[in-house]
Every structure is written in C-alpha cells, then in structure tokens.
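Descriptive structure summary
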Amino acid sequence: MSEPPLRAAILPVTPLQQNCSLVWCTKTMRGAFVDPGGDLPILRDAIVRSGVTIEKILLTHGHIDHCGSAGIFAEELGVPIEGPHEEDRFWIARLDEDGRNYGVAGKPFEPDRWLVDGDQVSVGELIFDVRHCPGHTPGHIVFHHPDSKLAIVGDVLFKGSIGRTDFPRGNHQQLLDAIVGKLWPMGDDTSFIPGHGPMSTFGQERLTNPFVADTVLSG
C-alpha cells in the first residue's frame with residue numbers, strides 16, 4: 001500500500017473538546033493546524049510525534065474554542081494564519097472577552113489572509129478548496145480536499161446534528177442552505193471532520209441526520 005497524499009490527526013482541545021486537526025502532506029511532511037483553539041502543549045507534542053513541519057494555521061471560524069490560541073500559536077511558530085471569512089472579524093475581536101467567559105486562553109489577532117468562497121489553500125503539495133458556509137457564524141468556511149474525499153467542516157455539520165444558530169448573526173436557513181448547497185455536492189462518499197465529536201460521511205448524514213437528511217428536508 002502506498003502512502004496516501006494526506007494524513008490527518010484529530011486533537012480535541014479546550015474544555016469544549018473542540019476537534020483541532022493536524023493535516024499534512026505525506027510527500028513533503030509539511031502540515032497545518034486547523035482550528036488550534038487551545039491546549040497548546042497537546043499540539044506541540046503532536047508536532048514532535050508526527051515529525052511534521054508546520055507551515056500555517058487554518059481557521060474555519062472565529063469562535064473561542066476554535067481560534068482562541070491561534071494568534072498566540074502562530075506567533076510562537078512563526079507561521080501565517082489563513083481564514084476564516086472576514087465576516088467573522090467581530091468574533092475574533094472579542095476573543096479575550098469570550099476567553100474569560102469560557103475559561104479558554106483567547107487573544108485577538110489579524111489573519112494574514114481572509115478567505116472567500118472559491119479560494120484555495122496549500123499545505124505542502126496538497127490543495128484544499130475553500131467553501132463559505134455561513135449560518136453558525138457569518139464567516140464560517142469549510143476546507144475540502146477532493147482527491148482524499150475529506151472535508152474539515154468546523155461547526156457546520158456533525159454526526160447526527162448541525163451547528164447552533166442562536167449566536168450573534170447566526171442564521172438557521174443559511175446553515176441549511178450551506179449544507180445542502182456546498183457540502184452535499186462534495187459527494188456522499190466524502191468523510192468529514194466536524195468541530196466536535198466523531199467523523200462521519202455526507203452520505204450517512206443524508207440518510208440519518210434528523211436535521212438535514214434528504215427525507216427531512218423534502219418533507
């Protein structure tokens with residue numbers, strides 16, 4: 001068996017058990033953290049154990065459990081931050097306040113690159129497509145690697161559930177539209193890493209998810 005071009009490790013962090021992902025290009029052993037919300041000792045240990053050279057930090061959205069430590073970690077590693085969409089700027093601006101409320105280290109920062117729908121980001125020789133998927137937050141994005149049939153979807157979709165929309169500028173209909181219009185076309189056989197909990201596939205969620213299954217939305 002040859003080595004797959006992409007590997008990923010899921011590292012739950014913060015008291016909210018948010019799925020930070022370490023993704024890397026097996027050819028170059030260069031990688032990125034997606035949503036390093038906190039617990040930096042865990043993430044530093046993952047770098048050592050994997051032997052990966054971190055070249056950037058990628059963010060799906062601006063909530064404290066997903067990006068509270070992103071600015072701190074990027075400065076420590078000397079790497080840029082890419083994402084989320086600029087519509088989440090107001091969330092990033094309040095990270096210190098939200099950090100106090102949730103007991104998570106939070107420090108506002110300015111990403112090196114805001115991302116929009118249709119952008120691409122590189123990790124080593126891997127290319128991820130960017131999809132803007134608002135609803136949970138207005139600037140939420142998803143990273144998709146078509147060749148590996150893998151998507152990193154943050155808090156848009158979960159195994160058996162969907163993202164909350166009761167936060168400021170959340171929108172339930174936008175979230176449903178993003179799931180159906182942006183995620184389902186990636187293919188039923190696409191696996192996804194959610195922001196919390198276990199992985200699933202889009203096909204499985206179209207069959208069984210009580211919020212967005214085909215039978216639910218067509219009823």
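It should be noted that the structure appears before, not after, this text.
Below is a summary of the structure that appears in this document. Note that the structure is a prediction, hence the values are computed from the model and not measured.

Conventions adopted
Residues numbered from 1 in each chain as written. Predicted model: local features only at pLDDT ≥ 70, side-chain atom pairs only at ≥ 80, totals over all residues. Heavy atoms only, no water. Phe/Tyr/Trp six-rings, centres within 6.5 Å; stacked < 30°, edge-to-face > 60°. Helix = DSSP H or I, 4+ residues; strand = E, 2+ residues; numbered from the N terminus. Buried < 20%, exposed > 50% of the residue type's maximum accessible area, 1.4 Å probe, protein only. Core = buried A, V, L, I, M, F, W, Y, C linked by side-chain atoms within 4.5 Å. Contact = heavy atoms within 4.5 Å.

With that settled, the discussion passes to the packing of aromatic side chains. This structure, assessed with the given rule, holds five aromatic pairs. Summarising the aromatic geometry, the rings of Phe90 and Trp91 are spaced 5.2 Å apart at their centres and angled 35° between planes, so their arrangement reads as tilted. Arranged with centres 6.1 Å apart and planes meeting at 90°, the rings of Trp91 and Phe167 form a pair that is edge-to-face. Taken together, the residues span a long stretch of sequence, with Trp91 in helix α4 (residues 89-93) and Phe167 in the loop between β11 (161-162) and α6 (172-183) at a distance of 76 residues. Note on accessibility: Trp91 and Phe167 belong to one class, buried. Joined through ring pairs, the aromatic side chains of Phe90, Trp91 and Phe167 make up one cluster.

Our focus in this paragraph is the nonpolar core. Phe33, Leu43, Ile57 and Phe109 are the most contacted members of the largest nonpolar core, which totals 26 residues. Going through the elements one at a time, β1 (6-13), β2 (18-25), α1 (40-50), β4 (53-58), α2 (64-67) and α3 (70-77) are the ones with two or more residues in this core. In terms of residue count, the dominant contributor to this core is α1 (four residues). When neighbours within four sequence positions are excluded, Ile57 is seen to be in contact with Phe33, Pro36, Ala70, Phe73, Ala74, Val79, Pro80, Ile81 and Glu82.

The subject of this paragraph is the side chain of Asp98. As for its position among the elements, Asp98 is in helix α5 (residues 95-102). The class for Asp98 is buried, based on a relative accessible area of 3%. Those residues in contact with Asp98 that lie beyond four places of it in its chain are Ile64 and Trp91.

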